[in-house]
Amino acid sequence: MTRKILIIDDEWTIQLALQARLSAHGFSVQLASDGPSGLLAAQQYQPDVILLDLRMPDMDGFEVLRRLRSASETSSIPVIILTANIQDSVKQQARSAGATRFLTKPFESKDIINAILAATSKDVCTPT
Amino acid sequence: MGNPGSDLPPQIQCDSILTHESFCADSWMFIRHSYRNVRLMRAPVHPKEAERLQAVRGTGLVGGRPDALQETVIELASDICGTPIAAVSLVDADRLWFTAIRGLDFRETSRDAAFCAHTILDDVPLIVVDATQDPRFSDSSLVTGAPAIRFYVGVPIKTVDHLPVGTLCVMDTTPREISPQKIENLKTLAALVATQLQSSGPKALLQIGEVSRFLTSIVDSSGDAIISKDLNGIIRSWNSGAERIYGYSAEEMVGKSISMLIPEELCQENERLMAQITRGEPCNNFETVRIAKDGRRLNVSVTLSPLQDSLGRIIGFWKVVRDITEQVETKAQLRDTAAHAERLAEIARRTSNAVIITDAQGRITWANEGFTKITGYTLEEALGNVPGRLLRSDKTDPKAAETMRAAVRGGVGCRVEIINRGKHGREYVLDIEMHPLHDAAGTLTGFMAIESDITEKAVAKAELHQAAVRSERLAEIARRTTDAVIITDAQGRITWTNEGFTRITGYTLEEALGKVPGHLLQFEKTDPAAVEILRSAVSKGVGCRVEILNRGKDGREYVLDLELQPLHDATGILTGFMAIESDITEQTRTRLELENSRLELMDFAENASVGLQWIDRDGIIVWANKAELELLGYTPEEFIGQPISRFHADSTVICDVLARLARRERLIGYEARLLAKDGSKKIVSIYSSVYEQGGELKHTRCFTIDITARKEAEDRLKESRKVVERQNTELSVMAERAHRVVDDVSHEFRTPLAVIKEFASIIADGLAGPVSDKQAQYLRIVSGAVVDLNHMVEDLLDSSKLRAGILRVDRRAHRVDRIFETGRAALASKASTRSIVIKERIEEGLPALFADEEKVRRVISNLTTNAIKFSPEGGTIVLSAATAARIGEIIISVTDHGPGLSSSDIERLFGRFQQASTARSVAAKGFGLGLSIAQELSWLNLGKLSVISEKGKGATFSFTLPTDDCVSVLEHYFDSIVASNRPEDQLSLLRVVAKAPTALDETQEFLASATYPTDLIMPALGDEDDGMQQEYAGQAWWILGRTRSVESWIARLCEARRSQSLENTIRLAPLSVDVCGTWRLPENALEARVDVIEAVTQEKLRDAKNPNH
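Residues numbered from 1 in each chain as written. Chains lettered and ligands numbered in written order. Predicted model: local features only at pLDDT ≥ 70, side-chain atom pairs only at ≥ 80, totals over all residues.

Asks: Any chance you could break down the overall build of chain B for me, citing the residues and the numbers?
Replies: Looking only at helices and strands, chain B has 36 helices and 39 strands in total. Residue burial in chain B is summarised as follows: out of 1109 residues, 35% are buried. A sequence separation of at least 24 residues applies to 57% of the contacts in chain B between residues at least 6 apart. (Helix = DSSP H or I, 4+ residues; strand = E, 2+ residues; numbered from the N terminus. Buried ≥ 20, exposed ≤ 12 C-beta atoms within 10 Å, placed from the backbone. Contact = placed C-beta atoms within 7 Å.)

Asks: Can you tell me about the overall build of chain A, naming the residues and giving the values?
Replies: Helix and strand counts for chain A come out as five helices and five strands. When the helices and strands of chain A are placed in sequence order, the string is β-α-β-α-β-α-β-α-β-α. With 128 residues in all, chain A has 42% of them scored as buried. Pairs at least 24 residues apart make up 59% of the contacts formed inside chain A by residues separated by at least 6 positions.

Asks: Can you break down the packing of helix H2 (residues 35-45) of chain A against helix H3 (residues 61-70) of chain A residue by residue, with the values?
Replies: Residues and elements named next belong to chain A. It is at 10 Å that the axes of H2 and H3 come closest, and there the two elements cross at 25 degrees. The orientation of H2 with respect to H3, classified from their angle, is roughly parallel. The chirality of how H2 crosses H3 is right-handed. Facing Gly 35, Gly 38, Leu 39 and Ala 42 of H2, the residues of H3 in contact are Glu 63, Val 64, Arg 67 and Leu 68. Among the residues forming the contact of H2 with H3, the class breakdown is four nonpolar, two polar and two charged. (Axes fitted to C-alpha atoms, helices over the stretch in contact; angles between N-to-C directions. Parallel < 35°, antiparallel > 145°, perpendicular 65-115°, else oblique. Left-handed = near helix turned anticlockwise from the far one by under 90°. Nonpolar A, V, L, I, M, F, W, Y, C, P; charged D, E, K, R; others polar.)

Asks: Describe H2 of chain A, and please don't skip the residues or the numbers.
Replies: Residue and element names in this part refer to chain A. Buried within H2 are the following residues: Gly 35, Gly 38 and Ala 42. Summarising the axial view, the buried residues of H2 lie within an arc of 60 degrees, below the 170-degree limit, and thus occupy one face. Along H2, the residues that are exposed and aim more than 90 degrees away from the buried face are Leu 40, Gln 43 and Gln 44. Where the residues of H2 are buried, they touch strand S1 (4-8), strand S2 (28-32), strand S3 (49-52) and H3. Residue Gln 46 follows H2 closely and has a positive phi angle near 50 degrees. (Arc of directions from axis to C-beta.)

Asks: How would you explain the nonpolar core if you had to name every residue and give the values?
Replies: In this structure, Ile 50, Leu 51, Leu 52, Val 79 and Ile 81 of chain A together with Val 992 of chain B are the most contacted members of the largest nonpolar core, which totals 121 residues. Look past the residues within four positions of Leu 51 of chain A in its chain and what remains in contact with it is Ile 5, Ile 7, Leu 18, Ile 80 and Leu 82 of chain A. With 50 residues, the next largest nonpolar core counts Tyr 152, Cys 169, Leu 186 and Ala 190 of chain B among its residues. (Core = buried A, V, L, I, M, F, W, Y, C linked by C-beta atoms within 7 Å.)

Asks: Just give me the short version of the pairing of strand S9 (residues 225-230) of chain B, but keep the residues and values in it.
Replies: All names here are of chain B. Burial analysis of S9 places five of its six residues in the buried class, the great majority of the element. Both S9 and strand S13 (residues 314-323) contribute to a ladder of six bridges, which runs antiparallel. Across the sheet, residue Ile 226 finds its bridge partner in S13, namely Val 320. Pairing between S9 and strand S10 (residues 235-238): three bridges, direction antiparallel. Of the residues in S10, the one forming a bridge with Lys 229 is Ile 235. (Pairing = 2+ DSSP bridges.)

Asks: Outline the environment of Met 59 of chain A, supporting the account with residue identities and numerical values.
Replies: Among the structural elements, Met 59 of chain A can be located in the loop between S3 and H3. What makes Met 59 of chain A partly exposed here is the crowd of 17 C-beta atoms within 10 Å.

Asks: Mind laying out the sheet that holds strand S15 (residues 364-367) of chain B, listing which residues take part and the relevant values?
Replies: In a beta sheet, neighbouring strands are held together by backbone hydrogen bonds and run either parallel or antiparallel to one another. All names here are of chain B. In space, the five strands of this open sheet follow the order S15-S14-S18-S17-S16, with antiparallel pairing throughout. This sheet does not close on itself; its edge strands, each paired only once, are S15 and strand S16 (414-421). Here the average twist between neighbouring strands, direction ignored, is 30 degrees. Sheet contacts for helix H15 (residues 398-410): S16, strand S17 (427-438) and strand S18 (444-453); angle to S16, the most-contacted strand, approximately 130 degrees.

Asks: Residues and numbers for the confidence of the model for chain B, please.
Replies: Residues and elements named next belong to chain B. For chain B, mean pLDDT is 77; residues scoring 70 or higher make up 81% of the total. Low pLDDT, under 50, characterises residues 1-29; the stretch is placed with 44 contacts to residues that sit more than four places away or in other chains. Low pLDDT (under 50) marks residues 914-925, which in the prediction has 19 contacts with non-local residues, meaning those over four places away or in another chain. Overall fold confidence (pTM) sits at 0.42, and the ipTM for the predicted complex is 0.86. (pLDDT = per-residue confidence, 0-100.)

Asks: I'd love a proper account of the interface of chain B and chain A, names of residues and values included.
Replies: Across the boundary between the two partners, chain B contributes 25 residues, which contact 23 residues of chain A. Sorting the residues of the side of chain B that touches chain A by element identifies helix H25 (708-764), helix H26 (773-804), helix H27 (816-832) and helix H33 (1000-1010) of chain B as the ones contributing at least two each. Among the elements that make up the side of chain B that touches chain A, the one with the highest residue count is H25 of chain B (12 residues). For the side of chain B that touches chain A, the residue count by class is 10 nonpolar, six polar and nine charged.

Asks: Tell me about the packing of H27 of chain B against helix H28 (residues 853-870) of chain B, and please be specific about residues and values.
Replies: All names here are of chain B. Put simply, H27 and H28 touch, their axes get as near as 10 Å, and they point 25 degrees apart. When the interaxial angle is binned, H27 and H28 end up roughly parallel. Here the hand of the crossing between H27 and H28 comes out right-handed. Residue-level inspection shows Ile 819, Thr 822, Gly 823, Leu 827, Lys 830 and Ala 831 of H27 in contact with H28, the latter providing Glu 853, Val 856, Arg 857, Ile 860, Ser 861, Thr 864 and Ile 868. In terms of residue class, the contact of H27 with H28 is built from six nonpolar, four polar and three charged.

Asks: Could you give an account of the sheet that holds strand S27 (residues 681-693) of chain B, naming the residues involved and the relevant values?
Replies: Residues and elements named next belong to chain B. Read from one edge of the open sheet, five strands run S25-S24-S28-S27-S26, paired in antiparallel fashion. The sheet is open, and its two edges are formed by strand S25 (621-624) and strand S26 (667-675), each paired on a single side. Strand-to-strand twist across the sheet, computed as the mean angle between neighbouring axes with direction ignored, equals 30 degrees. As paired strands, strand S24 (residues 611-616) and strand S28 (residues 696-706) are joined by six bridges and run antiparallel to one another. Considered in S28, the bridge of Leu 612 is made with Phe 703. Helix H24 (residues 651-662) rests against S26, S27 and S28 of the sheet, and its axis sits at about 145 degrees to S26.

Asks: Talk me through the pairing of S2 of chain A; I want residue IDs and the actual numbers.
Replies: All names here are of chain A. Two strands pair when backbone bridges link them, and S1 and S2 are joined in this way by five bridges, in the parallel orientation. Paired with Ile 7 across the strands is Leu 31, a residue of S2. Once you follow S1 into helix H1 (residues 12-24) and on to S2, the crossover reads as right-handed. (Right-handed = clockwise from strand over helix to strand, strands pointing away.)

Asks: Give a detailed account of unusual backbone geometry, specifying residues and quantitative values.
Replies: Looking along the chain, the bond that leaves Lys 105 of chain A and enters Pro 106 of chain A is cis, with omega of -5 degrees. For Pro 106 of chain A, the location among the structural elements is in the loop between strand S5 (101-104) and helix H5 (109-121). If you check the backbone angles, Asp 58 of chain A has positive phi at about 65 degrees while not being a glycine. Among the structural elements, Asp 58 of chain A can be located in the loop between S3 and H3. Even without glycine at this site, Ser 835 of chain B takes up a positive phi of about 55 degrees. Mapped onto the elements, Ser 835 of chain B comes out in the loop between H27 and strand S30 (837-842).

Asks: Before we move on, can you summarise the environment of Thr 751 of chain B with the specific residues and values?
Replies: Here Thr 751 of chain B is to be found in helix H25. Ignoring anything within four residues of it in the chain, the contact list for Thr 751 of chain B reads Glu 11, Ile 14, Ala 84 and Lys 105 of chain A.

Asks: Lay out helix H4 (residues 88-96) of chain A in plain terms, naming residues and giving numbers.
Replies: Residues that lie three or four places apart on an α-helix share one face, since the helix turns once every 3.6 residues. Regarding H4 of chain A, the residues found buried are Lys 91, Gln 92, Gln 93 and Ala 94 of chain A. Two residues or fewer after H4 of chain A comes Gly 98 of chain A, characterised by a positive phi angle close to 110 degrees.

What follows is the structure, encoded as structure tokens:
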């Protein structure tokens, strides 16, 4: 079964690059450019993994993460943070808020793919 | 841990002293200062420690019972030295007991931390001017933590066997000096305490509180037997008086029953008396009979008083026994003499009786010559008169007159004493014996009165009464049988002496008879003036009283209070002298000692270098010493007698001072400003206490210390500190701002870099359509350049953080292969652009390392990036990890086959590193910022970066890391401390325990973010004191860090925790922080290394022994 990936990032260039890479890898990719539309997409689309940027206008990634975790439909979806912020405190904060993985930009595409595979392989209902 | 005081009450056994726990609620942190000082600063034990400990126990004071006399001594000591703290301590095996303490609120402490443990090792006083500067004490918990002792002077208190049981000591929280005179005073006080401990003796029977009374009673009645016995009548003490009276020695009697001394028939009486006292009824004095060793029955006067322990329970009896055998005999003799005298007087007077005969109506019909002699009336004049009318005076007792009248009326006899007046107005006392006269037929014919003039007799009676009073005095003398009584003839030659004389002088009556006492007893030390007084009294035949120093037969010197009275016979001729001599040697010595110590103390107070004044209850200065007057520049006349408020610059302050003193508060270091005569204001620190007598304020004693100079210096310092603080704040704001700019810049860089890199990689991977090999290769170069650029951004960021000292370090146990694995893809992709192969070699069985994984990877990455840069196209780079030559160390190396470095290149490269501050700002020859960052990061990982290279033969850059073993981590940490040239600092060891279940990472990451890169965080074993150990074992950490003070560090941790708990929605576990030790750096770095390693490994060892853990 094809894994569904939701990318929430306000940078369209990043969206495009990730879409190109992940689609080529056989993932089904859905895009969202801000927090509210990302949350909506998460509920409707029920992705296997969410790639989430932290710095976004209006609603930042921490808030999105908090809402994802507090809603029952999305609380168990693995969330991989992909951010340009490499500060340790941010990393720690993301962990405490319930992020599954924490990757920084610029990234190695292999790392992202490995992270997605690792996050979904735990899910026994989704055989590879 | 062995507990030495198992016989002590439980509250003393617990280890609560110097432990205080506080809970910082908003930051969820428990802070505990248990000062389990791991550094062993224990003083060596005393060479006779076992005997010494026995002596300590023998004082009966172990456990720190308060003692009134010692309280007085320490009050004096602290007043003398002007210190807020003074104490009498006993140094026990593991603990220090304060039997009296002032200025601190605990009564015991650990011997390890104690100054006094050192004091007892030497005969001379221990003086510590500033404990922080003294290597023996600078690490003591009493110095590093509360109460922050700086100054200490201790004088050992020794038993008669020269065993030091404890100390008298004074302490202060600021460094200070002490004059030799004060030391001498402290020594005197210590000797006083030693005497007290001594007299309290090894027997618990003699309670300390009794001591002064006991001593006084010995002095007051040295001839009395003083015996103590317990409730079973077993004798516990037996003094020399008892020995003298009963003839038994102390050895014979102590431990024996008192009943040995009591005549059989009196046993019940004795039991009744003891029962009476036990019921609380007093039994002041009674006379009874006792049996001496030689079988003599002794008349004794006994005083019984109960002996109580500190709780007031009766545990025995005091008995003061006085031999009154002589007294009883003298009394009997006196009684006989008086009766005899009376009889004689009667006989002597009878001859001159008046005889009157009257008719039945009482009219005089005849009178004898005696009548005329007595009354002055001739027979002719008296005839026909009624005697009563003729002779009555206004002093005549109407009752006596009535008796006589009634007798006359009734025709019966009577006998009365009556005062009459004679013809010449002389009043006289008559003893009238009146008999009725009857004729043969039995008819009353008249009366006969025999009248004795008893005027003289009455006078004699009065005299007799006086004689009785005198005999009382004699009895008094007799009672004081310990006194010597000498009777001499008019020439001063001894005619009689009593036993007391023999007892005091050693001469028997036979030896003394006929001698002049002066010749016999005086010697070269006898005061000539006293002798002269005696001689002059003898020659004039008058009395005198002198104190005189004599020498007895056995050479003993003693002081006598000698009362000399002339003796006269009835005719007033001097017949001799009587001398009553009391041995007042003891009193004199005590008095002299008291006088000397009084003089010493007065001199000390007057000449003390500290200002001292007494103020009465109305605020008037009643006394001031020299220093006080000199301080302010007044003469005694200008100062004493004035209200103290006149000399205070601030009226509110002196009002407050007087109000506090009125409330009996003690002032310690109270600051005030005084007005000097020259108009200047002196800032002084006042130490003051109230002297009370019978609950009434007598005066207050104030010590005044001039701190004007210190205060001014402090003010200047404060001012300049403020300036520095302001500058610091400004600087840190600027640093923070700059730091944020760098952060923002790097953040802004990253997104476009990511886009460039990813698209280059997507195209190169052919995901956007077919590309030629050439195009793919170029795109990978673009990709690699982006990674380089990104590293530069990271280096810039780290560089700025390193400079600000806030780069986070999170060291944990990691496996080398995992670290290699994580970085492999990025490096390989970079190397592949130049067809370079990276080979990895990891030694078999390599242990885990202890480091910040991210930093290790950055160092590997930076070194490999350089290696790729310098390697020929298609070359090989070897990345290896192996155990280093040094135990507990791993070495990671990156070897290239590039052009290599010459030794001068290396020197230039690493020479720069040594100037750490400039290293980061200057990119070393072609190596970029990366190498200097690598060097810094290696250092943060407690290792070292080095290079081995030869020109033309490539280069091997290596860095070391500690293995995951607490000893090697600590060794590396301390090496890094030694290597850094930071100025003076404090190193502290904390133990942090999470008090609730939490994600292991949460607390570890919090600690890493809240501490500095120079701090070390190591996992500790779970908190064994905590009942929750089963569930949360392992949730404990050691933290070792350098700060200016441990308090500021803990405050910082609390602050970080608070801000974290505000940011976080999830609940954080409360943390308990235990301060386990502090050391001064750099001077105590070596001790710190030993102590910390010991503390951490001991925990491990303990854990290994405890299988439950």
